[in-house]
Amino acid sequence: ASDEQMEQNKAFALIENKFDGKHHKLYKKGLKQDENGAYIELSFISPEIGIRYNDTISELISKTGWNIKINPNPNQNEIIKYAKRLLQDRNIYTKKNPSIYQNIKSVKIVPVQQPEDNILNEIKSKFKEDTGYELIF
C-alpha cells in the first residue's frame, strides 16, 4: 500500500462493512495486480450486479485510496443454483439442468410443464433483479 492507501486489511474490513446488509451479496474481495499496479477486486454473482453499486464503490475508492474494480466474470455456479432454487420454490421442475449463456447474459430453462404467465413473469423479474441475468423459457 502506498502512503495514500489505507492498510489492506482495514480497507477489506471497510468494504465488508459497507456491503453488509445490502440486497446483493459480496461474494469475494481480493488483492489483484495488473499493468497499472495493485487493486482490490470485488466479486458479485455477476458483474451486472456489481455495476449497480458503482456509487458505493466510488465512495470506497475515495475512503480507502485503493483502485477498486468489479470482477468481470459471473459466478456461474451460483447463478444456476439460484435459478434452480427459484424454480423449486414454485414447484417448477426442469427436463435438464439450466444452461448459462454468458455472451447474452441469460440462463435457459426447459420446464417439464410451462408455468402460467403471471408466475413466469414474477420468476423472470426476480431472477433479473437478483442476478443481472435474463431467464429464458
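What counts, and where the lines are drawn
- Position numbers for residues count from 1 along each chain, tracking the sequence in the order it is written.
- Thresholds applied to this predicted model are a pLDDT of at least 70 for local features of residues and 80 or more for the giving and counting of side-chain atom pairs; totals over whole chains, interfaces and linings are not thresholded and use all residues.
- Water and hydrogen atoms were dropped before computing side-chain values, which therefore reflect all heavy atoms in the structure.
- For every residue, the accessible area obtained with a 1.4 Å probe (protein chains only) is divided by the maximum for its type, and the residue is called buried under 20%, exposed over 50%, and partly exposed between those limits.
- The helix count covers DSSP runs of H or I at least four residues long, the strand count covers runs of E at least two residues long, and both are numbered beginning at the N terminus.
- Strands qualify as paired when DSSP identifies two bridges or more between them.
- Throughout this description, the term salt bridge denotes a Lys or Arg side-chain nitrogen within 4 Å of a carboxyl oxygen of Asp or Glu.
- The convention used is that axes are lines fitted to C-alpha atoms, helices contributing only their stretch in contact, and that angles between N-to-C directions extend from 0 to 180 degrees.
- Throughout, a contact is declared for two residues whenever any of their heavy atoms are within 4.5 Å.

Caption draft 1: Layout of the pairing of strand S2 (residues 37–43). Across the seven residues of S2, six count as buried, placing the element largely inside the fold. Sheet topology places strand S1 (residues 28–34) next to S2; seven bridges connect them, and they run antiparallel. Note that in S2 the partner of Gln-33 across the bridge is Ala-38. Between S1 and S2, which pair antiparallel one after the other, the connecting turn spans two residues.

Caption draft 2: Main features of the pattern of salt bridges. This structure, assessed with the given rule, holds 11 salt bridges. With a closest N to O distance of 2.5 Å, Lys-69 and Asp-34 form a salt bridge. Taken together, the positions of Lys-69 in strand S3 (residues 68–70) and Asp-34 in strand S1 put the pair 35 residues apart, joining distant regions of the chain. Residue classification places Lys-69 among the partly exposed positions, given a relative accessible area of 28%.

Caption draft 3: Examining the sheet that holds strand S6 (residues 134–136) more closely. Overall, mixed pairing links the three strands, which are arranged S4-S5-S6 in an open sheet. On the outer flanks of this sheet lie strand S4 (99–101) and S6, each paired with one strand and no other. The average undirected angle you get between the axes of adjacent strands in this sheet is 25°. Across three bridges, the pairing between strand S5 (residues 106–108) and S6 is parallel. Bridge assignment links Ser-106 to a residue of S6, and that residue is Glu-134. Those strands touched by helix H4 (residues 76–88) are S4, S5 and S6, and its axis lies near 130° from that of S4. Against the sheet, helix H5 (residues 117–131) makes contact with S5 and S6, and its axis sits at roughly 145° relative to S6, the strand it touches most.

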